Amino acid sequence: MKNIIVVGNGMVGYKFCEKFVAKEESKHFKVTVFGEEPRPAYDRVHLSEFFENQDAKALEMAPAEWYAENNVDLIVGERVSDIDRKNKTITTAKDREFSYDYLVLATGSSAFVPPIKGVEKEGVFVYRTIEDLEGMLAYAAKLKEKNPNAKAAVLGGGLLGLEAGKAVMDMGLEPHIVEFAPKLMPRQLDSRSSQVLQLKLESIGLNIHLSKATNQILGDTCITGMEFGEDDVLDVDMLVVSAGIRPRDELAKSCGLDIGVRGGIVVDNKMNTSDENIYAIGEIALYNQMIYGLVAPGYDMADIAVEQIIGNTEILMPADIDMSTKLKLIGVDVASFGEPFMPAAKGHSIIFENKTQHLYKRINVSLDGKSLLGGILVGDASDYSMLHQIFLNGMKIPEDPSQLILPASDGGAAFGDVMDLPDEAQICSCESVTKGQICGAIESGEATDIAGVVSCTKAGTGCGGCKPMIADLTNATLKSLGIEVKEGVCEHFDLSRQDLYKIIQVKEYATFDEVLDNHGNGGHGCELCKPLVASLMASINADTANKEYAIQDSNDRFLANIQRNGTYSVVPRIPGGEITPDKLIALGEIAKKYDLYTKVTGGVRIDLFGATLNQLPLIWKELIAYGFESGHAYGKSLRTVKTCVGSTWCRYGMDESISFGIELENRYRGIRAPHKIKGGVSGCIRECAEARGKDFGLIAVEGGWNLYVGGNGGATPRHAELLAEQIDNETVIKYLDRYLMFYMRTAKPLQRTAAWQDRLEGGMDFLKEVIIDDKLGIVEDLENEMETLVNKFECEWTQAVNDPEMMKRFNHFVNSEEDDDNLVFVPMRDQKMPEQWKK
Amino acid sequence: MEKISAFKNYIEMEEVLEKYKTTKLEDVKIWFKAAPINAFPKDGGACVKYKNLQIAVFNFKRLNRWYACQNLSPEKQEMVLSRGMIGDHNGISKVACPLHKKTFSLENGENLNGDLDPIAIYPVKIENDYVYIGFAE
Ligand SMILES: Cc1cc2nc3c(=O)[nH]c(=O)nc-3n(C[C@H](O)[C@H](O)[C@H](O)COP(=O)(O)OP(=O)(O)OC[C@H]3O[C@@H](n4cnc5c(N)ncnc54)[C@H](O)[C@@H]3O)c2cc1C
Ligand code: SF4
Ligand code: SF4
Ligand code: FES
């Protein structure tokens, strides 16, 4: 048994363990990992997601149990402080000693903080660990309490700096980017693309200061500003330094390993340091005189070190390392690949620029016009995956290379079909998965869908940038195998909900029987397809549930939620949660009169429980007389739009969240959808209305609303994702109309927006293209359909109580006026409740 | 709490369940005249009171057939089956309980998606646009 000690439990140190334990030979080794951070390795690439949910667990590369299950000793919160190469031992900061046969250094980098005067002041942060982010959040909250218009600057306009800029903006601070170079992302972009990016970023509210050398940080104990020149000062209350990285080579230095002039441990193509028993991988390793600040090369290095240690010494690190990057800044597409800036001697560049649309595309083509050497995309990086693959695999390009970036004129996108890629094409560079492996997983039957491919090949589990390609490959392969994914809703229909939706819309069917007779399998329907067709007809024709009540789900049929003992609950709509004292009293009086159990619901309205079927219309008659209407708590439709008091009352409020919440609730009330829909509107980023836990959520920010979609509580909670930012009320409604209608058209039965969105091929990017850019050319239809539904709204309870025929439905017996005689209530805390079910 | 005692017809549940027994056509002694056919929704059900029994009656219009069964859900012992949705499973007419969507055959009362006890079934006949349910007593 030999001992391997890994120093550093970051992304790459973890990847080393993962790859190592997967090897048969690993049983002859004992792996021990030390991490200085207080928690197991997490996904630093997606660090910014921590701002959205503050869920550190979600970022974990693997839970702590994983290490134990795989016989890896994980020791967190303990820094390795010394290496004794002669005796092959290490010492930790807790003065413990361990011996090794092989040592793997994966200590990564730390943020580089330039030695500017005053940089140690309070309010100056770096952006590298979860603890850094926690510090920033706490500080920003404190600032905003004192001054709602607080400002934050980011030092550094590179990839990371822009990500940090977006983060401080989302925290509700006025964001400023300060860059030393005369352009943004100097390492990846040429001047023109950089200008296009700058325009785009400025348009979403980032303030950009170029060619600024910071002389000193101003302030007593806390930062109050940055000084560039004598009279050139920027007042800021917080600063995030993102000026590059510095390899954590202090350990290696102290034990005499070879170090590069500007830091980093020198390694060869075996990942060996100057000591043959010591390897270095990841952001600490200096390979080809370079530190690669990306995960994908780090993962490759982990792979090489694993192979070397188990004796496959012929497996070596390639000399060329792909540094292509796609910036994952929300709302802006930026990508560069291959050689982004190419000297004219080596080839030609084809450039397409449209400043009004913030669009810039450049490709560099070899002098003979046959191969793609690199390129830059700003504003629209949808071609990135394909271009990147063409570049990586040296694929042939069209005779007129401009076709690669210009919008196809005849719609015949003949070029760039994923299936044309060679089998060796590396689709996922993070996990080194090839096209052959992805297609093979489906051909062998191992996987039958995208989720299956991801779980058996691990493709897409790193940066996630390759997901759209995985989806394309999966679908194309399934299609080539003649597999059609059947999505029939139940034994009576082979059609999916989406198909039925289209059929009912086009054929204008008005009854369940018509649909069943023309498109069913010959049966008589069931509890799955009947309510589905009812809901579709309601979504399409704005029918209320009174229309064909026998096909309505039981709750819709009686316009109330059935409770455990067969009685019902009554929930009138209280839009936005705003209610007058008089209406509140009316609710109380009615509840008292009918002896109903009353409770405030999770959706901020009042629920009256224990009404018998016979009582329902009587209760509603009284409610309607007081001006209430159905709350549709029983329907697969809009429930509530929860609001905070916003700028109407709250001292932090940035907009009128109540007024807007009421408007939205009244707009979408009654509309039937695949599942229930909830909304939320918060007046500022403190998010008192928990809007991001809803199907749609709005948060007021400087300059408008941020619109989030696809969140929910329920069994699998999920935060809503940002669809658009800083938009006005009118645009919110426009986007929401489109979003909801698109969801209503395409979701599966009983699929909440969250699950629908998760499974939407192409993900959020695709959704934005459909909703905002109108990629499918349907937004006008979506808006019109929604407008029709909104205009046709009618309260179904008002309908019912005014129609003696409809009222008959609410008799418990058809041949007697009596009520159910089987009901038993027992007292509870001054109210009543149904008797417990017998086991 | 006085109003609670209004629901005083409280009988032990087991006793309630025992009151419902499948009745074969040949055992019918009483044809109870329940209600006019238009009191029942097309392809849906409603509840009929007979003595101290609650009977769910379904108008299976697509088949031009009528079915009757106990209104009591054998799972949760609540009077709800008449509010359930009807349909078929492989050609067998069925009703789904509105509480948890347990389905029961309307032909023989069998629980089609679980192993609950079967529900009691009663014969139905239509005369002069009136629905009659057959009981043995
Ligand atoms: C905000 C952000 C966004 C990023 N986005 C991208 C992106 O989109 N694409 C991309 O490819 N890359 C991105 N990166 C870079 C990527 O995260 C790094 O390349 C990657 O994390 C490097 O992994 P590593 O394991 O080498 O180093 P690290 O993840 O830094 O891990 C090193 C670990 O070792 C620990 N350690 C150091 N010294 C010791 C010691 N003596 N004893 C014990 N433990 C020690 C450290 O505390 C640390 O936990 C991003 C980075 C950040 C911060
Ligand atoms: S979310 Fe609403 S209630 Fe909460 S602090 Fe902001 S404006 Fe005030
Ligand atoms: S959480 Fe469960 S028990 Fe509570 S109301 Fe919802 S479904 Fe019922
Ligand atoms: S390329 Fe990063 S996950 Fe596939």
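For clarity, every value in this text was computed on a predicted model and none was experimentally measured.

(A) Expanded view of the overall build of chain B. Tallying secondary structure elements over chain B gives one helix and ten strands in all. Mapped in sequence order, the helices and strands of chain B form the string α-β-β-β-β-β-β-β-β-β-β. The contacts in chain B between residues at least 6 apart in sequence include a share of 48% that link residues at least 24 apart. Surface accessibility of chain B: about 6500 Å² in total, with carbon and sulfur atoms responsible for 48%.

(B) Region of the structure containing the interface of chain B and chain A. Contact with chain B, which involves 50 residues of that partner, is made by 52 residues of chain A. At the boundary of chain B with chain A, total buried surface from both sides reaches about 4200 Å², with 53% on carbon and sulfur atoms. Our count for the chain B to chain A interface comes out at five salt bridges. With a closest N to O distance of 3.5 Å, Lys42 of chain B and Asp513 of chain A form a salt bridge. Elements supplying a minimum of two residues to the side of chain B that touches chain A: helix H1 (13-18), strand S1 (30-36), strand S2 (44-50), strand S3 (53-60), strand S5 (85-89) and strand S6 (92-96) of chain B. By residue class, the composition of the side of chain B that touches chain A is 25 nonpolar, 13 polar and twelve charged.

(C) Seen up close, the sheet that holds S1 of chain B. Residue and element names in this part refer to chain B. Taken in spatial order, the three strands of this open sheet run S1-S10-S9, and their pairing is antiparallel. Either end of the sheet is taken by a strand with one partner, and the two such strands are S1 and strand S9 (124-127). Geometrically, the sheet is characterised by an average inter-axis angle of 30° between neighbouring strands, direction not taken into account. Inspection of the sheet shows S9 paired to strand S10 (residues 130-135) by four bridges, in the antiparallel sense. Pairing of Val124 across the sheet is with Ile133, part of S10.

(D) Here's a closer look at the packing of helix H14 (residues 497-507) of chain A against helix H22 (residues 729-746) of chain A. Residue and element names in this part refer to chain A. Put simply, H14 and H22 touch, their axes get as near as 7 Å, and they point 105° apart. The angle between H14 and H22 falls in the class roughly perpendicular. The segment H14 lies against H22, with Arg497, Gln498 and Tyr501 engaging Met741, Tyr743, Met744, Arg745 and Thr746. Taken together, the residues of the contact of H14 with H22 sort by class into four nonpolar, two polar and two charged.

(E) Summary view of the pairing of strand S34 (residues 696-701) of chain A. Residues and elements named next belong to chain A. Burial of S34 is extensive: six of the six residues sit out of reach of the surface. The alternating pattern of S34 places Phe696, Leu698 and Ala700 and Gly697, Ile699 and Val701 on opposite faces, both of which are buried. The pairing of strand S33 (residues 677-682) with S34 spans four bridges and is classified as parallel. Bridge assignment links Gly679 to a residue of S34, and that residue is Phe696. Taken together, the six bridges between S34 and strand S35 (residues 704-709) define a ladder with antiparallel strand orientation. Bridge pairing in S35 places Leu698 opposite Leu707. Hairpin connection of S34 to S35: two residues between the antiparallel strands, including Gly703 at a positive phi of 85°.

(F) A look at the environment of Lys94 of chain A. Residues and elements named next belong to chain A. Its location among the elements puts Lys94 in the loop between strand S5 (89-92) and strand S6 (97-99). Given the relative accessible area of 53%, Lys94 is considered exposed. Spatially, the C-alpha atoms of Lys94 and Val80 are 8.7 Å apart, while their sequence positions differ by 14 residues. What Lys94 contacts, discounting residues up to four positions off in sequence, is Gly77 and Glu78.

(G) Looking closely at the pattern of salt bridges. For the coordinates displayed, the defined rule picks out 48 salt bridges over all chains. Among the salt bridges present, the one from Arg692 of chain A reaches Glu52 of chain A, with a minimum N-O distance of 3.9 Å. Here Arg692 of chain A, found in the loop between S33 and S34, pairs with Glu52 of chain A, found in helix H2 (residues 49-53); they are 640 residues apart in sequence, far enough to count as distant. Using a relative accessible area of 34% as the deciding quantity, one classes Glu52 of chain A as partly exposed. Between Asp513 of chain A and Arg62 of chain B there is a salt bridge, and its shortest N-O distance comes to 2.9 Å.

(H) How the structure looks around the sheet that holds S6 of chain A. Residues and elements named next belong to chain A. Across the sheet, three strands lie side by side as S4-S5-S6; this open sheet has antiparallel pairing. A single partner strand is all that each edge strand has here, and the edge strands are strand S4 (80-84) and S6. Pairs of neighbouring strands in the sheet enclose a mean axial angle of 25°, with direction left out of account. Of the strand pairs in this sheet, S4 and S5 are connected by four bridges, and their pairing is antiparallel. What sits directly across from Asp82, in S5, is Thr91.

(I) Highlighting the confidence of the model for chain B. Of all residues in chain B, 87% attain a pLDDT of 70 or more, and the chain-wide mean is 82. Confidence metrics for the complex model read pTM 0.52 and ipTM 0.80.

(J) Structural view of helix H21 (residues 657-668) of chain A. Residue and element names in this part refer to chain A. Taking 1.5 Å of rise per residue, the twelve residues of H21 would be expected to cover 16 Å, and the 16 Å separating its terminal C-alpha atoms lies within 8% of that figure. For H21, the tally of buried residues reaches nine of twelve residues, placing the bulk of the element in the interior. The first or second residue beyond H21 is Gly670, which carries a positive phi of 80°.

(K) Structural detail: the environment of Leu596 of chain A. Residue and element names in this part refer to chain A. Residue position: Leu596 is located in the loop between helix H18 (581-593) and strand S30 (597-600). Judged by relative accessible area, which is 6%, Leu596 ranks as buried. In this structure Leu596 touches Ala591, Leu608, Phe609, Gly610, Ala611, Ile619 and Gln831, once residues within four positions along its chain are discounted.

(L) Representation of unusual backbone geometry in the model. Residues and elements named next belong to chain A. For Met185, which is not a glycine, the phi torsion comes out positive at approximately 45°. For Met185, the position within the fold is in the loop between strand S11 (174-178) and helix H7 (191-203). Residues other than glycine seldom take positive phi values, yet Asn288 does so here, at roughly 55°. Looking at where Asn288 falls in the secondary structure, it is placed in the loop between strand S20 (285-286) and helix H9 (295-309). A relative accessible area of 38% means that Asn288 is categorised as partly exposed.

(M) Spotlight on the packing of H14 of chain A against helix H16 (residues 529-541) of chain A. All names here are of chain A. In the contact formed by H14 and H16, the axes pass within 10 Å of each other and the chain directions differ by 50°. Classed by the angle they form, the pair H14 and H16 counts as oblique. Considering how the two elements wind past one another, H14 and H16 form a crossing that is right-handed. Of H16, the residues touching H14 (which contributes Arg497, Leu500, Tyr501, Ile504 and Gln505) are Leu532, Val533, Leu536, Met537, Ser539 and Ile540. In the contact of H14 with H16, the residues fall into eight nonpolar, two polar and one charged.

(N) Spatial organisation of the packing of aromatic side chains. Residue and element names in this part refer to chain A. Under the definition given, this model contains 26 aromatic pairs over all chains. A ring pair is formed by Phe660 and Trp705, whose centres lie 5.2 Å apart and whose planes are at 35°; its orientation type is tilted. In this pair, Phe660 sits in helix H21 while Trp705 sits in strand S35, placing the two residues 45 residues apart along the sequence. Pair check on accessibility: Phe660 and Trp705 agree, each one buried. Between Tyr739 and Trp756 the ring centres are 5.6 Å apart and the planes differ by 70°, which places this aromatic pair in the edge-to-face class.

(O) The arrangement of the nonpolar core in detail. All names here are of chain A. Residues Ile4, Phe16, Leu105, Met271 and Ile281 are the most contacted members of the largest nonpolar core, which totals 89 residues. Ranked by residues supplied to this core, first place goes to H9 with eight residues. If we skip the residues at most four places from it in the chain, Leu105 touches Val7, Ile83, Ala252, Leu257, Ile265, Ile278, Tyr279, Ala280, Ile281 and Ile284. With 62 residues, the next largest nonpolar core counts Leu516, Val709, Ile727 and Ala747 among its residues.

Each value, and the rule that gives it
As a convention, each chain's residues are numbered from 1 in the sequence order in which they are written. Key to labels: chains lettered from A, ligands numbered from 1, both in the order written. Per-residue local features are limited, in this predicted model, to residues with pLDDT of at least 70; the limit for side-chain atom pairs, both in listing and counting, is 80 or more; totals at the level of whole chains, interfaces and linings are taken over all residues. Side-chain metrics in this entry use all non-hydrogen atoms of the structure; hydrogen atoms and water are not considered. The secondary structure listing takes helices from DSSP runs of H or I that are at least 4 residues long and strands from runs of E that are at least 2 residues long, numbered from the N terminus. The contact criterion used is simple: two residues touch if any of their non-hydrogen atoms lie within 4.5 Å. Shrake-Rupley sampling with a 1.4 Å probe provides the accessible areas, and residues are treated as covered by the protein chains on show and by no other component. Buried area is calculated as the accessible area (1.4 Å probe) missing from two parts once they are joined, with the contributions of both summed. By definition, a salt bridge exists where a carboxyl oxygen of Asp or Glu is found within 4 Å of a side-chain nitrogen of Lys or Arg. All amino acids are sorted into three groups, where Ala, Val, Leu, Ile, Met, Phe, Trp, Tyr, Cys and Pro are nonpolar, Asp, Glu, Lys and Arg are charged, and the leftover types, Gly among them, are polar. Should DSSP find at least two bridges between two strands, the strands are taken to pair. Every axis corresponds to a line fitted to the C-alpha atoms, with the helix fit spanning only the stretch in contact, and the corresponding angles, defined between N-to-C directions, vary from 0 to 180 degrees. Each angle gets one of four labels, with under 35 degrees taken as roughly parallel, over 145 as roughly antiparallel, 65 to 115 as roughly perpendicular, and the rest as oblique. Three labels apply to residues, based on accessible area from a 1.4 Å probe with only protein chains included: buried if under 20% of the type maximum, exposed if over 50%, partly exposed otherwise in between. Every residue gets a pLDDT, meaning the predictor's confidence in that residue, from 0 to 100. Every helix has an expected span of 1.5 Å times one less than the residues it contains. For a crossing to be left-handed, the near helix must be turned anticlockwise from the far one by less than a right angle; the clockwise case is right-handed. Pairing of aromatic rings covers Phe, Tyr and Trp, the last counted by its six-membered ring, and requires centre-to-centre distances within 6.5 Å; plane angles under 30 degrees mean stacked, over 60 mean edge-to-face, and any other angle means tilted. What is meant by a nonpolar core is a set of buried Ala, Val, Leu, Ile, Met, Phe, Trp, Tyr and Cys residues, joined one to another through side-chain atoms within 4.5 Å.

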